[in-house]
Amino acid sequence: MRHTFAAVLLALPLAAFAQTSSTSAPAGRQVRQPGLVALSPDGTSLAYTIKGKEGTELHLLPFPTVDMSKEKIVAPGDQTSCSNTTPMWSPDSKTLAYLSTCTGKDAKSTQQQIFLYTPADGKSRQLTHVTGNMDTPAWSPDGKQIAFLFVENATRHAGALDAMKPFAGVIGEDNIEIQGVYAVKTEDGNGAWLLPPTPEMYTYEFAWAPDSKTIATTGTKAPGENNWWVAKLWRVNDRHAQLILDPSKVSGAMHGLQIAVPKFSPDGKKIAFIGGLMSDFGSTGGDLWLIDARPGAQPVDVTPDLDGTVVHESFVSPTHVGFVEDKRGHTLMLDWDVEKKAAVPNSTVDLGLASLSGGLVKDAPSFSPANGGYTVWVQSGLEQAPEIWGAGSGAPKQFTHFNEGLKLRRKTISVEWVSDGAHVQGWLTFPKDFDEHKKYGIITQVHGGPSASIGARWDMGPQQLTNYFIFQPNPRGSFGQGEAFTQANRKDFGYGDLRDILTGLDKLEQDIPSIDKNREGVTGWSYGGYMTMFSVTQTPRFKAAVAGAGIANWQSYYGQNQISEWMVPFFGASVYDDPAVYAKSSPITFIKNVTTPTLVIVGDRDGECPAPQSFEFWSALKAHGVKTQLVIYPNEGHGFRDPAHIKDRAERTQKWFDENLK
C-alpha cells in the first residue's frame, strides 16, 4: 500500500486505538504536558516524554493498544533531577536513542549525551561522552550512525534568544560558538565531523540522504545568531560542501527569502524545503519548494497559491510530500503532489482549531509506514488539554488522558474579520467567571515575529490578567493565510498591521457589548513590543501599555542589534541605503503623540531587541511628561530564563494594567 503522510490516516479501524487503561488528572491539578513522541518504524512501540516532579521522563508504550498498564519508564540515573528528551528509533526499530543529562556524575549537569535503550533487554547504555551543545540528532538510514548539530566546548547556547556575552575587548571577532554536524557510530561511539564548523560555515539544519553518506544542510558564515536570514542550501559528502541554492542569487519569488527544513527525496535526487519570509530561526513557515540535488539547479515553488502556511514537511514518495499547514487557526495535515502542484485527493485531515507538536522540530508529527501507516502527535485545542493523538484510519483518535477532569479557566473563541480587503483571524479570550451583564476591559496582545502566528491551545489566556478580555490577533505579516499575507507588511511596519489590529478591535467592540471601550490596553514582546510602542504613537485609544523587548528607533536599532541580517528582506534595503523607510516606521518619530501610560521591560543582555531601544523610548516618554516606568532584568536575553524574573515581569504587568485601566 502506498505510504502517505496524511492519507495514512485512512488505514486502520478506530477500534485499534482503544485505550485499555488511562491515566487521568483530577480537577484542580496542573496540566501535564506531553513533550515529544516517537513511533517505531515497525509500528509496535510509542516513546514519549513528559514532565516529572523535577525533570523530564521518557516513557515507552505498546502500540497501537496504548496500554498504560504495560508502560515502561526509560531513564538512566535520577529521574527527578535530570532530563531525558528527544526519542529517536533506529530504522530497524530495535533501539531507541535519546538525549539525557542523567549521566550519574552530576545530578545538576546540563550536558546532554546520547543514550541507546534496547527494549529487548530493557537496558540503556551511554553512547557519547562529548562536551558542548547538541541539537536535533538523527539516525542515518542504514542505522550505523547518529548525527547531530554540535557546538564543541560551547560557553552559551548558540542562538539569539539566549543572553549575549557582555561586551568587552575586541568586538565582532569572537567565533567560538560555531555549529557543525558531528556523527558517532552506534556500535562504539567513535565520532567524526560530517561538516566541521569554521568561520565560513555555520550549520543550522541537516538531513540525511538515503545513501547514509550525504547530508543536506542550511548554513552560511558565522556568527550564527546573525546570519540565518542569509543561509544557503548545501549538499555535503565526505566533509565537502557543494552549494545548491543561494536565495540572494536567484530571481523571482524565491529571491532574498529564508529557507528551512531541508529533506531529501527517497531516491536522493531532490531536496524539499520551506521557503518564505521568516523573522526568527525555528519559527518556520512559507511555501513548499523543490530543487534538484545538484549545483546550478533552480528552485520551484510547488504551492504557489496555497492560502495557508507550510510549517513542516517530509517526503512520502519521490513525487509526494506530506506537510503540516497552519490555516487561520486550524492545523491541517495533507499529501501534496509536487508534479501536479495540488493536494492528493482525500488526503487532507483538518484537526480543527488545534495546535500540533511532538516531533523533533516545530510542528512535526511522528510517522511510521508499518501496516499502511500511522501518524502520532501531541495535540492541544481551545477546550482540550494537550494529549497524544494519532490516526491510521478514519478520524484522529485521542490516545492518552493525562489531563482528564481538568477545568478550563477561561473560554477562548476564534474571531475573523476583513481589513483592507484581506481576511484576518485572531483569538478572543473571555474574562474568568464571565458575566455578560458586566463590563470588562480588553487587552490586545500582539505576538512576536512578525512572521509567526498565535495558534489554538489549551487555556490560551495568560495566567494573570484574568479580569480582562484578551485579544490576540494574527495581522498581516503573520503565518496562516498564505505567503502573500505574510509578506504584506514589507516596507510597511506598523501601518497595515496596526490597521488590521484596530479593525479587529472595532469589530469585537461592536459584537460584544460587555467590552468597555474606555478600558483598552495593549502589550506584546519583541515584534509585539515594537507594535505596542508604535500603537501608542498612532492612537490614544489605549489607556495602558506594556512594551516588552520593543524597538523604538529602527535607525539606531540597525547598528545595535546582533541579528541585523533579518532587516533587509523586511525593509527592502539597509538603513544606510534607505534611511527613510526605517524612520517612517519608528515609534520615536512620532513620540510627541503619546499620552498612554507605558511600562517598558527588557533584559540587559538582549541581542535581538537590545536594552538601549527601551531606554530610548522610556527617556522620550519621560521628557514629554508621559507616565512611564522602565524595568531592566539582569543577565537576561531575549527569552527570559530566571523563574523569579518571569514571575516579577508578570506581576508588574498585572499591576500596571490594573492601575491604569480602572
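None of the values given here were measured: they were computed from a predicted structure.

Visitor: Explain the state of the cysteines to me, using residue names and the numbers behind them.
Guide: Scanning the entire structure with this criterion turns up one disulfide. With a sulfur-sulfur separation of 1.9 Å, C82 is cross-linked through a disulfide to C102. Residues C82 and C102 are joined by a disulfide whose S-S torsion is about 105 degrees; by sign, that bridge is right-handed. Pair noted here: C82 is in the loop between β4 (72-73) and β5 (84-89) and C102 is in the loop between β6 (96-100) and β7 (113-118), with a separation of 20 residues, a long-range link. Summarising the burial analysis for this pair, C82 and C102 share the class buried.

Visitor: Tell me about helix α9 (residues 643-660), and name the residues and values.
Guide: Its 18 residues give α9 an end-to-end C-alpha distance of 26 Å, which sits within 8% of 26 Å, the value for a rise of 1.5 Å per residue. When α9 is considered as a whole, its buried residues turn out to be H645, A650, T653, Q654, W656, F657 and N660. As for α9, its buried residues are in contact with β33 (440-446), β35 (515-525), β36 (544-548), β37 (598-603) and β38 (628-633). By the N-cap criterion, in which a side-chain oxygen at the helix start approaches the backbone nitrogen of a residue two or three places on, α9 is capped by D642, the distance to A644 being 2.8 Å.

Visitor: How would you sum up the nonpolar core? Please name residues and give values.
Guide: Judged by nonpolar contacts, the single largest core of 96 residues is most densely connected at L428, F471, W554 and W566. Those residues in contact with L428 that lie beyond four places of it in its chain are K411, T412, I413, V415, I442, F469, I470, F471, L508 and I512.

Visitor: Any chance you could break down the environment of N474 for me, citing the residues and the numbers?
Guide: Note on placement: N474 falls in strand β34 (residues 469-474). Looking at N474, the relative accessible area reads 2%, which means it is buried. Residues N474 and P62, spaced 412 residues apart in sequence, show a C-alpha to C-alpha distance of 40 Å. With sequence-adjacent residues up to four places away left out, N474 is seen in contact with V424, Q425, G426, W427, H447, S453, I454, Q481 and F485. There is a polar contact of 2.8 Å between the side chain of N474 and the backbone nitrogen of I454.

Visitor: Pulling in residues and values, what's your account of the packing of aromatic side chains?
Guide: Considering all chains together, one arrives at 42 aromatic pairs under this definition. When the centroid spacing of 5.2 Å and the interplanar angle of 75 degrees are considered together, the rings of F63 and Y374 count as edge-to-face. Highlighted residues: F63 in the loop between β3 (56-62) and β4 and Y374 in strand β28 (residues 374-381), separated in sequence by 311 residues. Accessibility assignment for this pair places F63 and Y374 in one class, buried. Its guanidinium or amino end placed over the ring of F430, K411 lies 5.5 Å from that ring's centre, counting from NZ or CZ. Lying across the ring of W656, K627 places its NZ or CZ 5.3 Å from the centre.

Visitor: I'd like a description of unusual backbone geometry, backed by residues and values.
Guide: With an omega of 10 degrees, the peptide bond running from F63 to P64 counts as cis. Along the chain, the position of P64 falls in the loop between β3 and β4. Cis geometry is adopted by the peptide bond preceding P450, which originates at G449 and carries an omega value of 10 degrees. Even without glycine at this site, S93 takes up a positive phi of about 65 degrees.

Each value, and the rule that gives it
- Residues numbered from 1 in each chain as written.
- Predicted model: local features only at pLDDT ≥ 70, side-chain atom pairs only at ≥ 80, totals over all residues.
- Heavy atoms only, no water.
- Disulfide = S-S within 2.5 Å.
- Helix = DSSP H or I, 4+ residues; strand = E, 2+ residues; numbered from the N terminus.
- Buried < 20%, exposed > 50% of the residue type's maximum accessible area, 1.4 Å probe, protein only.
- Expected span 1.5 Å × (residues − 1).
- Contact = heavy atoms within 4.5 Å.
- Polar contact = N/O pair within 3.5 Å; in protein donor to acceptor, adjacent residues only side chain to side chain.
- Core = buried A, V, L, I, M, F, W, Y, C linked by side-chain atoms within 4.5 Å.
- Phe/Tyr/Trp six-rings, centres within 6.5 Å; stacked < 30°, edge-to-face > 60°.
- Lys NZ or Arg CZ within 6 Å of the ring centre and 35° of its normal.

Nothing here speaks to function; it is all geometry.
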